[in-house]
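These are the residues of each chain, in order.
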Amino acid sequence: MALNITDSNFKELLNSDQLVVVDFWAPWCGPCKMVGPIIDELAKDYEGKVVIGKCDVDENSDVPGEFGIRNIPTVLFFKNGEVVINKWVQHQNPLTRRLLKNTCNIKYTQSELL
């Protein structure tokens with residue numbers, strides 16, 4: 001399950017030595033509801049390798065404002081505290097998984113290469 005990222009815990013999570021992936025979403029957003037399970041799946045698959053969380057833009061305005069989040073769902077990838085990928089996503093699980101693996105330098109399984 002993805003971490004709940006808030007205005008109050010964001011800076012602490014960003015200080016991680018690992019890649020940090022943040023999904024900006026809202027409960028009323030249809031596309032967010034499709035991306036959410038993918039983010040949760042990735043959080044489970046990469047537990048201990050990548051910090052993956054979700055930030056509800058309705059409950060937290062500081063972090064989305066700091067990064068100019070205007071469309072959701074948007075996923076930001078942070079490395080060493082800096083944004084390395086800013087991607088507005090749809091429910092494209094293979095694309096999101098590929099971005100994550102490429103950014104983390106994680107090897108693909110044989111079935112993922114097909």
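Criteria and thresholds
Residues numbered from 1 in each chain as written. Predicted model: local features only at pLDDT ≥ 70, side-chain atom pairs only at ≥ 80, totals over all residues. Heavy atoms only, no water. Buried < 20%, exposed > 50% of the residue type's maximum accessible area, 1.4 Å probe, protein only. Helix = DSSP H or I, 4+ residues; strand = E, 2+ residues; numbered from the N terminus. Pairing = 2+ DSSP bridges. pLDDT = per-residue confidence, 0-100. Contact = heavy atoms within 4.5 Å. Phe/Tyr/Trp six-rings, centres within 6.5 Å; stacked < 30°, edge-to-face > 60°.

### Comments concerning the pairing of strand β3 (residues 50–56)
Side chains on a regular strand alternate between the two faces of the sheet. Counting buried residues in β3 gives 7 out of 7 residues, a clear majority hidden from the surface. Of the two faces of β3, the one lined by V50, I52, K54 and D56 and the one lined by V51, G53 and C55 are each fully buried. Where strand β1 (residues 3–4) lies against β3, 2 bridges are found, and the strand directions are parallel. Bridging from a neighbouring strand, L3 pairs with G53 of β3. Bridging between strand β2 (residues 19–25) and β3 involves 7 bridges; their strand directions are parallel. Following the sheet pairing, V20 is matched in β3 by V51.

### Overview of the confidence of the model for the protein
For any part of a model where pLDDT is low, the fine detail of the predicted coordinates should not be relied upon. On average, residues of the protein score 82 in pLDDT, and 75% of them reach the 70 mark or higher. The low-confidence segment residues 108–114, where pLDDT is below 50, has 7 contacts with residues more than four positions distant or belonging to other chains.

### Examining the environment of L13
Among the secondary structure elements, L13 is positioned in helix α1 (residues 10–14). C-alpha of L13 to C-alpha of I52: the two residues are 39 residues apart in sequence and 9.6 Å apart in space.

### Structural notes on the packing of aromatic side chains
With the rule as written, the count across this model stands at 3 aromatic pairs. Aromatic pair F10 and F67: ring centres 5.7 Å apart, planes at 70°, arrangement edge-to-face. Remark: F67 occurs in the loop between α3 (62–66) and β4 (74–79) and F10 occurs in helix α1; sequence separation between them is 57 residues. With a relative accessible area of 2%, F10 lands in the buried category. Taking the centre distance of 5.6 Å and the plane angle of 70° together, the rings of F10 and F78 count as edge-to-face. Of this pair, F10 sits in helix α1 while F78 sits in strand β4, placing them 68 residues apart in sequence.

### Considerations on unusual backbone geometry
In the segment running from I72 into P73, the intervening peptide bond is cis, with an omega of 0°. Tracing the chain through its elements places P73 in the loop between α3 and β4. Even without a glycine there, the phi angle at N80 is positive, about 55°. In this structure, N80 sits in the loop between β4 and β5 (82–88).

### Observations concerning the environment of L14
In this structure, L14 sits in helix α1. For L14, a relative accessible area of 11% translates into the label buried. Expressed as a C-alpha distance, the spacing of L14 and N80, which sit 66 residues apart in the sequence, is 7.7 Å. Those residues in contact with L14, other than ones at most four positions away along the chain, are V20, F78 and G81.

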